[in-house]
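Examining the three-dimensional arrangement
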Amino acid sequence: METTSPSAEITVRERLLKAALDCFLADEYHHVTTRLIAEKADANIAMIRYYFGNKEGLYEEMIRETLQPLLDVLDGQTLASPQGLVDFLHLYYQSMSHQPAFPKLILKVLALNQGPGKRFIHQLLERGRTRSTRKLAEFKASGQALPELDADILRMAFVSLAMTPMLLKEIFEQQLGRPMDEAFLNKLAAFNGHLLVQGLIPPTTTQLTGE
């Protein structure tokens, strides 16, 4: 096994996670070997066992680390108000634009049972569901959300607006004749975030009377 300093160990672990992400996005789970990942990461294959136990452990940690920044937002200050949904979409589009195949990987696991991570991804999604339900309850308690709003409806609307542009990115770009670059995604996040906020917040007295 490689002997490494603490700082070098972090680097090896990060290289393995990055190599795993690249490999699993490019090919089916069962076609990817730990030897291939180790070679791509310029690391000893024993380091996969050291950090992650086995290929499945590495696979799950790769998914966890990719999704964790999005889950962390639900516990932070970004969503202190409904307007934070715009920033949340910005973060999602920014994160996924660096690995646009990742949503497809998640879809393959959940819908087609490709790869071992279905139970694990369900657990992560359920954590997100629990946190978003709690956040909506806070909005309702502070008068920032309609009291009758269904948390699952809001979550499904967010997932639809977030994932669809990434899942169909290549098709949309061909149809539009333009790249969905950072500037485009920023505008899309602002627009879709506005849609979500308008569906979330109670109407004002002026809106109700039409004055």
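Residues numbered from 1 in each chain as written. Predicted model: local features only at pLDDT ≥ 70, side-chain atom pairs only at ≥ 80, totals over all residues. Heavy atoms only, no water.

1. Quick notes on helix α4 (residues 55–73)
The terminal C-alpha atoms of α4 lie 28 Å apart, and with 19 residues this matches the ideal 27 Å at 1.5 Å per residue to within 8%. Along α4, the sharpest change in direction is near 45 degrees and occurs at Leu67; proline Pro69 comes one to four residues later. Put simply, Asn54 is the residue that caps the front of α4, since its side-chain oxygen is 3.2 Å from the backbone nitrogen of Glu56. (Helix = DSSP H or I, 4+ residues; strand = E, 2+ residues; numbered from the N terminus. Expected span 1.5 Å × (residues − 1). Bend = angle between axes of the 7 residues up to and from the residue. Polar contact = N/O pair within 3.5 Å; in protein donor to acceptor, adjacent residues only side chain to side chain.)

2. Considerations on the confidence of the model for the chain
Close inspection of predicted coordinates is inappropriate in any region flagged by low pLDDT. Model confidence for the chain is summarised by a mean pLDDT of 84, while 89% of its residues fall at 70 or above. Predicted confidence in the chain is weakest over helix α11 (residues 205–209), with a mean pLDDT of 40, and strongest over helix α2 (residues 34–41), with 96. Here residues 205–211 is modelled with pLDDT under 50, and outside its nearest four sequence neighbours on either side it reaches 4 contacts, counting other chains as well. (pLDDT = per-residue confidence, 0-100. Contact = heavy atoms within 4.5 Å.)

3. Some words on the packing of aromatic side chains
Per the stated rule, a full pass over the model turns up 7 aromatic pairs. Ring geometry for Phe24 versus Tyr29: centroids 5.5 Å apart, planes at 15 degrees, classification stacked. Exposure class is identical for Phe24 and Tyr29. Each is buried. Between Tyr29 and Tyr59 the ring centres are 4.9 Å apart and the planes differ by 75 degrees, which places this aromatic pair in the edge-to-face class. Here the residue Tyr29 occupies a position in the loop between α1 (6–26) and α2, and Tyr59 occupies one in helix α4, the gap between them amounting to 30 residues. The two residues Tyr29 and Tyr59 agree in class, both being buried. Every member of this aromatic cluster is reached through a ring pair, and the members are Phe24, Tyr29 and Tyr59. (Phe/Tyr/Trp six-rings, centres within 6.5 Å; stacked < 30°, edge-to-face > 60°. Buried < 20%, exposed > 50% of the residue type's maximum accessible area, 1.4 Å probe, protein only.)

4. Digging into the packing of helix α5 (residues 84–97) against helix α10 (residues 182–200)
The contact between α5 and α10 brings their axes to 8 Å, and the two run at 145 degrees. Note that α5 runs across α10; the crossing there is right-handed. Contacts between α5 and α10 pair Leu85, Val86, Leu89, His90, Tyr93 and Ser97 from the former with Leu185, Asn186, Leu188, Ala189, Ala190, Asn192, Gly193, His194, Leu196, Val197 and Leu200 from the latter. When the residues that make up the contact of α5 with α10 are grouped by side-chain class, the tally is 11 nonpolar, 6 polar and no charged. (Axes fitted to C-alpha atoms, helices over the stretch in contact; angles between N-to-C directions. Left-handed = near helix turned anticlockwise from the far one by under 90°. Nonpolar A, V, L, I, M, F, W, Y, C, P; charged D, E, K, R; others polar.)

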